[in-house]
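# Observations on the model geometry
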Amino acid sequence: MTRKSEDAGRSTIRDVATRAGVSASTVSRVLGGAYPVSSATRTRVMRAVRELDYVADARAKAIAGVGTPTLAFVLEDITGPSFAHMAHGVEREATRLGHLCLVCSTEGDARHELEFVEMMRAQRAAAVILVGGTADTPEYRDRTRRMADSLASVGSRLVLCGRPPLGPGAPVTVIEYDNEGGAYALVAHVLTQGHRRVLFLGGKPDHTTAQDRERGYLAAHRARGIEPDPALLLHGDFTRDSGHRLMRRAIEAGLEFTAVVAATDMVAAGALTALHEAGLDVPGDISLAGYDDIPFARDLHPALTTVHVPYEELGRLAVRTALGRTPETPDEHLLLGTHVVVRDSVGPVS
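Criteria and cut-off values
Residues numbered from 1 in each chain as written. Predicted model: local features only at pLDDT ≥ 70, side-chain atom pairs only at ≥ 80, totals over all residues. Heavy atoms only, no water. Axes fitted to C-alpha atoms, helices over the stretch in contact; angles between N-to-C directions. Helix = DSSP H or I, 4+ residues; strand = E, 2+ residues; numbered from the N terminus. Parallel < 35°, antiparallel > 145°, perpendicular 65-115°, else oblique. Left-handed = near helix turned anticlockwise from the far one by under 90°. Contact = heavy atoms within 4.5 Å. Salt bridge = Lys/Arg side-chain N within 4 Å of Asp/Glu carboxyl O. Buried < 20%, exposed > 50% of the residue type's maximum accessible area, 1.4 Å probe, protein only. Pairing = 2+ DSSP bridges. Nonpolar A, V, L, I, M, F, W, Y, C, P; charged D, E, K, R; others polar. Domains from an automatic or database assignment. Buried area = accessible area lost by both parts, 1.4 Å probe.

An unreviewed UniProt entry lists the chain under the name LacI family DNA-binding transcriptional regulator, with Streptomyces cupreus as the source organism.

One way to put it is that helix 2 (residues 13-20) packs onto helix 4 (residues 39-52) with a least axis distance of 8 Å and a crossing angle of 125 degrees. As summarised for this structure, helix 2 and helix 4 are arranged oblique, according to the angle between their axes. For the crossing formed where helix 2 meets helix 4, the hand is right-handed. Of the residues in helix 4, those in contact with Asp15, Val16, Arg19 and Ala20 of helix 2 are Arg44, Val45, Ala48, Val49, Glu51 and Leu52.

Moving on, we get to the pattern of salt bridges. This model, assessed by the stated rule, comprises 22 salt bridges. Residues Arg111 and Glu115 are paired through a salt bridge, measuring 3.7 Å at the closest nitrogen-oxygen approach. In this pair, Arg111 and Glu115 both sit in helix 7 (residues 110-122), four residues apart, roughly one turn of the helix. Classification of Glu115 as buried rests on a relative accessible area of 13%. Measuring nitrogen to oxygen at the nearest pair gives 3.2 Å for the salt bridge that ties Arg146 to Asp142. You can see Arg146 and its partner Asp142 sitting in helix 8 (residues 138-152), four residues apart, about one turn around the helix. Through salt bridges with shared partners, one network takes in Arg92, Glu93, Arg96, Glu312, Glu313, Arg316 and Arg320.

Moving on, we come to the sheet that holds strand 9 (residues 287-289). Pairing in this open sheet of four strands is parallel, and the strands run 7-6-8-9 from one edge to the other. Each having just a single partner strand, strand 7 (233-235) and strand 9 make up the two edges of the open sheet. With strand direction ignored, the average angle separating the axes of adjacent strands in the sheet is 15 degrees. Note: strand 6 (residues 198-202) against strand 8 (residues 259-262), four bridges, orientation parallel. By the bridge assignment, Phe200 is partnered in strand 8 with Val261. Running at roughly 165 degrees to strand 6, helix 10 (residues 208-222) makes contact with strand 6 and strand 7 of the sheet. With respect to the sheet, helix 12 (residues 265-277) is in contact with strand 6, strand 8 and strand 9, its orientation differing from that of strand 9 by roughly 155 degrees.

Let's shift gears to the side chain of Thr208. With respect to the helices and strands, the residue Thr208 is situated in helix 10. With residues up to four places along the chain from it excluded, the contact list for Thr208 reads Gly133, Thr134, Asp136 and Pro164.

We now examine unusual backbone geometry. The omega torsion of the bond from Val282 to Pro283 falls at 5 degrees, within 30 degrees of zero and hence cis. Its identity as a non-glycine residue notwithstanding, Asp53 has a phi of 55 degrees, on the positive side. Assignment of secondary structure puts Asp53 in the loop between helix 4 and helix 5 (58-64). The phi torsion at Asp293 lies on the positive side, around 60 degrees, for a residue other than glycine. Looking at where Asp293 falls in the secondary structure, it is placed in the loop between strand 9 and strand 10 (306-308).

The N-to-C vectors of helix 4 and helix 7 enclose an angle of 55 degrees; their axes lie 11 Å apart at closest approach. When the axis of helix 4 is compared with that of helix 7, the two are oblique. The hand of the helix 4/helix 7 crossing is left-handed. Judged by residue contacts, Arg42, Thr43, Met46 and Arg50 of helix 4 engage Arg111, Glu115, Glu118 and Met119 from helix 7. Of the residues in the contact of helix 4 with helix 7, the class split is two nonpolar, one polar and five charged.

Further remarks concern the domain arrangement of the chain. Under the domain assignment, the chain is made up of domain 1 (13-64), domain 2 (70-177 + 311-336) and domain 3 (179-310). Centre-to-centre, using C-alpha coordinates, domain 2 lies 29 Å away from domain 3. Both sides together, the interface formed by domain 2 and domain 3 hides about 1,100 Å², and carbon and sulfur atoms give 57% of it. Where domain 2 meets domain 3, there are zero salt bridges.

Moving on to the environment of Ser82. Within the fold, Ser82 resides in helix 6 (residues 81-96). Setting aside chain neighbours within four positions, we find Ser82 in contact with Asp292, Ile294 and Tyr311.

Along strand 4 (residues 157-161), five of the five residues are buried, which leaves the element largely enclosed by surrounding structure. The alternating pattern of strand 4 places Arg157, Val159 and Cys161 on one face and Leu158 and Leu160 on the opposite face, and all of these are buried. In this structure, strand 4 lies alongside strand 5 (residues 172-177), joined through four bridges in parallel fashion. When the bridges of strand 5 are listed, Leu160 appears paired with Val174.

Okay, here's the thing in structure tokens:
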């Protein structure tokens, strides 16, 4: 079969341009992602790409000696310090393996995420790495399964890093860390110090990472025959401001507690400020622990007891696993461990 007959049924960039009512150069700008294009134009072009099942021909670029093999790193918030370390691992490993790493911050917009994945499919990216917890709904599973199938159809690979798996048969690689186990070990450490009323500053109730960490909190109590007071479980998000706000709310409401476990180190940092503002000493009056072991945790006063998550290694492993696959490689589900880092912010109950 000749190259011409192989490609005869494929849509071209001019077909996409005609369908979208724009020039071929505008289609190239949308798919390249390097030039500003209006939202309305981008939407029309990406709709035409979907309708025509258009895939950019990377072979011509490779023959011409232009273009670098790429992979994409997609996350909700690029400012989060834990994700920044994961992105660093992805970028370093991609560079080591001769790939260009593209980063997309979706700000939680599922439509933006889908459009970016479709763009990466059109460019035949080697892999797309989706990072971070989410709401594990039927809509999420259906949308992500369609992404995985679409990428697989052009030889690309979807990697879910810290995201819920899709179930058997989905063409994805899943890489997780032991969220629940880390929270269990951390709360167990707090309980061994004699604390029985432990305030938990959690994330969004429908967020899978937040759910795992809350389950670890509950399981550690129940393993010791303690039923946690529901009033001690507060929900917000994973930011410093949320920790400060929830901590002030707990103090002003007169909640009784001797220790605080925060869902992230950023939440713990906000809680620490609120405790200091209330004239409370850590750990003399209230013990405090976080989760993630981001670098500044050791520089807080007192240094923060927390759970270490190997974020950079997660990023490196995601790249190695995705790029090391062959069509015969079975689907993979990898789980990395976490461990408690004991510092100065947790002490015996007073």
